[in-house]
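What follows is each chain in one-letter form.
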Amino acid sequence: MEAQINPQEIMQKVVRLQLDMEFVKEWIEDVTLTSDDIEALEEAEKEYKEGKLISHEELKRELGL
């Protein structure tokens, strides 16, 4: 017996897939680093290795917070 194709069911699935893809695209944009982000991270890592950074707690103490 041949399966029946239901156009309405197919359209509903396509709409759900489109919504899922929009969610995925937004999520990817949120977690993707730009070249500026990567450069900032590299600079921070360099400063960390050079001992130029202080902890958050130390900064709060210095600012009197």
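As the structure is a computational prediction, the values presented were derived from the model and not from experiment.

With the rule as written, the count across this model stands at five salt bridges. Between Glu45 and Lys49 there is a salt bridge, and its shortest N-O distance comes to 3.5 Å. Of this pair, Glu45 and Lys49 both sit in helix H2 (residues 35–49), four residues apart, which is roughly one turn of the helix. You can call Glu45 partly exposed: its relative accessible area is 44%. Its relative accessible area of 66% is what places Lys49 among the exposed residues. Taking the shortest distance from any N to any O, the salt bridge between Lys52 and Glu50 comes out at 3.0 Å. The exposure class assigned to Glu50 is partly exposed, which follows from its relative accessible area of 41%.

Next up on the list: a nonpolar patch on the surface. A grouping of Met21, Phe23, Val24, Trp27, Ile28 and Val31 is seen on the molecular surface, where their side chains present a nonpolar patch of about 610 Å² in accessible area. Structurally, Met21 can be placed in helix H1 (residues 7–31).

Scoring rules and cut-offs
Residues numbered from 1 in each chain as written. Predicted model: local features only at pLDDT ≥ 70, side-chain atom pairs only at ≥ 80, totals over all residues. Heavy atoms only, no water. Salt bridge = Lys/Arg side-chain N within 4 Å of Asp/Glu carboxyl O. Helix = DSSP H or I, 4+ residues; strand = E, 2+ residues; numbered from the N terminus. Buried < 20%, exposed > 50% of the residue type's maximum accessible area, 1.4 Å probe, protein only. Patch = residues over 30% accessible without salt bridge, like charges linked within 9 Å, V, L, I, M, F, W, Y side chains within 5 Å. Areas by Shrake-Rupley, 256 points an atom, 1.4 Å probe, with all protein chains shown as cover.

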